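Working through the structure, step by step
Now for the letters of each chain:
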Amino acid sequence: MNKVLLFNPRSARSKHRIPNAIMNIAASIEGKYEWVIVDGNRESEPYQKIKSYLSTGEFKYVGFTVMPGPQVKQAVPFSKQIREDFPDTVIVWGGYFPTSHYKVILNSGYVDFVINGPGDHAFPNLVDALENNKPYELIKNLIFKSGDSILKTIKEDLIEQDTLPPLPYDKLNDLYPIRNYLGKTYLGKKTLAYHSSIGCPFTCSFCAVVPTYEARWKAKSAEKVYRDIKYIKEKWGADAIEFHDNNFFVSEKRTVEFAKLIKPEKMKWWGMARIDTMAKFSDATLNLLSEAGCTMIFFGAESGNNEILKQLDKGGTQTGDQILAFAERLKKFGITPEYSFVLGTPAPTAAAVEKQIDFEINFIKKIKKINPKTEIVLYTYSPVPTEGSDLYEQVLATGFHFPQKLEDWISPQWENFDLRKNPLTPWLTPEMIDKIKDFETVLNGYYPTISDIRMSRIKRNFIRFCASLRYRSNFYWKPYELKILQIMWKYRQPEIEGM
């Protein structure tokens, strides 16, 4: 029986976390097929490690998890090299990037299958079919080439998360010590990354989650989440949690149940939410979250302009006024709101785009005045191929298009595109992009993020002093003195490297 190699491409320079996505796939084949994980975050020469396994002749299947951005840089050349060095190997990609860009991936000639959404059933079913020379065309959540055509099978209903097998932490620990995945962050000295749910029940047209989960959400029970975290805490000493769910706080009931369970453990934690969802939570719930260690919550504010929120198909009931009110409300509970904003959405004229950017800058400053502890994360709008959305149709009408060759995605400009730092969109001029980046530099100077634990109080006070005149006078143009300080001190931006 052939073995399976699962590869997690490098996603960060220093902040390494348990590769949960690839661990889910490992769990799905545990006991059926022998497997190994190669973690690009933990290997200095990951391809040599991959090659050492494949050279044994025992491994026929290689699964890649590929997020947009840094992971593409290893996934593309490594897949191409595997095809050259080991032509009989079956290469399977899963994750947000292949789900959104499956055509260019399959047309590359060196990826055989794309998992279209969760792979907990699709991947083992595919391996079973290939091992036993049986048809795979009816396996759900698959995309593949048949001749010159690309075929997509139907989507599977989301799986009840409590029915899934446990992640094989102990076996991962044999390959890479778990303690090395528990990093020091703003939250704690040994921070655990954990997924307690998949998907999101909303259809924001700028979000890569939508093509993958199609407005669906499934969560583990609070009890199951607590047991997993308790196990890692007791065995490896985890003292804080980053919930990497797309939307942890969908259910107030589940949130309350988890908060009550985790409260005695004295662990700090962070998760992602929607403002209009949590605005409905009672004061009692918010107070419980604070007491239970919830320290910071990431919210997709996106825009203070209600028309832009509509353009982004934000859904729900979120408004600019609600964004402001909720930032103020969280002050009394000691929970730090982390608001992300998307600047530079399409507009009919350059003047209209410029006006939008100026509006958001002023709106962000208004939030900071209401609650100075609000963390602000800035992105420039980067199109997501959400087929059928009005916003994506607007994007295509401007002449924008994605790369036609997979290799083009690993160029520096397209990597920055995936990090939402260089949108490559026709309606944004270089001057507009500079305005956004210059404001971001001044903002990060006047309000250094609390999540960068390397910055001392002296550095924070000094850079704030240097940025104060610019921030107060709305003069953001070419803040070279602040950029130099941020480069010298290796200022960490949460949107790129997390906490």
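Look up: the structure comes first, before these words.
What comes next is a walk through the structure. What you are looking at is a predicted structure, and each value in this text was computed from that prediction instead of being measured. (Residues numbered from 1 in each chain as written. Predicted model: local features only at pLDDT ≥ 70, side-chain atom pairs only at ≥ 80, totals over all residues. Heavy atoms only, no water.)

1. A look at the overall build of the protein chain
This is how the line gets drawn: By the criteria applied, helices consist of DSSP H or I runs no shorter than four residues and strands consist of E runs no shorter than two, each listed in order from the N terminus. When a residue's accessible area, from a 1.4 Å probe over protein chains only, is under 20% of the maximum for its type it is buried; when over 50% it is exposed; and in between it is partly exposed. Here the accessible surface of atoms and residues is derived via Shrake-Rupley with a 1.4 Å probe, and residues count as covered only by protein chains that are part of the display. Here Asp and Glu are counted as negative and Lys and Arg as positive; His is not counted, and neither are the chain ends. Taken as the charge location is NZ of Lys, CZ of Arg, CG of Asp or CD of Glu.
Across its full length, the protein chain carries 21 helices and 15 strands. For the protein chain, the spread of C-alpha atoms along the principal axes amounts to about 70 × 55 × 40 Å. For the protein chain, buried positions account for 59% of its 499 residues. Accessible surface, the protein chain: about 21300 Å² in total, of which carbon and sulfur atoms supply 52%. The centroid of the 67 positive side-chain charges in the protein chain is displaced by 7 Å from the centroid of its 59 negative side-chain charges.

2. Here's the deal with a nonpolar patch on the surface
Just so we agree on the cut-off: Patches here: salt-bridge-free residues with over 30% relative accessible area, like charges joined within 9 Å, nonpolar side chains (Val, Leu, Ile, Met, Phe, Trp, Tyr) joined within 5 Å. One side-chain nitrogen of Lys or Arg within 4 Å of one carboxyl oxygen of Asp or Glu is enough to make a salt bridge.
Taken together, the side chains of Tyr480, Ile484 and Met488 make up a nonpolar region of the molecular surface, amounting to roughly 350 Å² of accessible area. One can find Met488 in helix α20 (residues 480-488).

3. Side note on the environment of Ile361
Position of Ile361 among the secondary structure elements: in helix α15 (residues 350-370). The class for Ile361 is buried, based on a relative accessible area of 4%. The spacing of Ile361 and Ile25 is 336 residues in sequence and 42 Å in space, taken between C-alpha atoms.

4. Brief notes about helix α3 (residues 70-85)
Our working definition: Working rule for helices: expected span equals 1.5 Å times residues minus one. Contact between two residues is taken to exist if any of their heavy atoms lie within 4.5 Å; hydrogens are not considered.
Taking 1.5 Å of rise per residue, 16 residues should cover 22 Å, and α3 covers 24 Å from first to last C-alpha, within 8% of that figure. Listed as buried for α3 are Gln71, Val72, Gln74, Ala75, Val76, Phe78, Ser79, Ile82 and Arg83. Contact partners of the buried residues in α3: β1 (3-8), α2 (46-54), β3 (59-65), β4 (90-94) and α4 (96-100).

5. Regarding the packing of aromatic side chains
Which entries qualify depends on this criterion: Any two rings among Phe, Tyr and Trp, with Trp reduced to its six-membered ring, count as a pair given centres within 6.5 Å; such a pair is stacked if its planes are under 30 degrees apart, edge-to-face if over 60, and tilted if neither.
Within this structure, the stated rule accounts for 31 aromatic pairs. A centroid spacing of 5.7 Å and a plane angle of 90° characterise the contact between Phe243 and Trp269, whose relative ring orientation is edge-to-face. In this pair, Phe243 sits in strand β11 (residues 240-243) while Trp269 sits in strand β12 (residues 268-273), placing the two residues 26 residues apart along the sequence. Looking at Trp269, the relative accessible area reads 0%, which means it is buried. Relative to Trp409, the ring of Phe402 has its centre 5.8 Å away and its plane inclined at 25°; by these criteria the two rings are stacked. Just as Phe402 is buried, Trp409 falls in that class too.

6. Some points on α20
The criterion, for reference: Arc definition: directions from the helix axis to the C-beta atoms.
Taken residue by residue, α20 has Leu482, Leu485 and Gln486 as its buried positions. Buried residues of α20, seen end-on, are gathered within an arc of 100° and therefore sit on one face of the element. Turned more than 90 degrees off the buried face of α20, the exposed positions are Ile487 and Met488. On its buried face, α20 is in contact with α18 (430-446) and α19 (457-473). Immediately beyond the C-terminal end of α20, within one or two residues, lies Lys490, with a positive phi of roughly 55°.

7. Things to note about the sheet that holds strand β8 (residues 191-194)
Put simply, the rule reads: Here, any two strands with at least 2 DSSP bridges between them count as paired. Throughout, an axis means a line fitted to C-alpha atoms (over the contacting stretch in the case of helices), and angles, computed between N-to-C directions, take values from 0 to 180 degrees.
In space, the six strands of this open sheet follow the order β8-β11-β12-β13-β14-β15, with parallel pairing throughout. Only two strands of the sheet have a single partner each, and these edge strands are β8 and β15 (375-380). Strand-to-strand twist across the sheet, computed as the mean angle between neighbouring axes with direction ignored, equals 20°. Note: β12 against strand β13 (residues 294-302), five bridges, orientation parallel. Paired with Trp269 across the strands is Cys294, a residue of β13. The sheet strands contacting α18 are β14 (336-343) and β15, and the helix crosses β15 at an angle near 165°.

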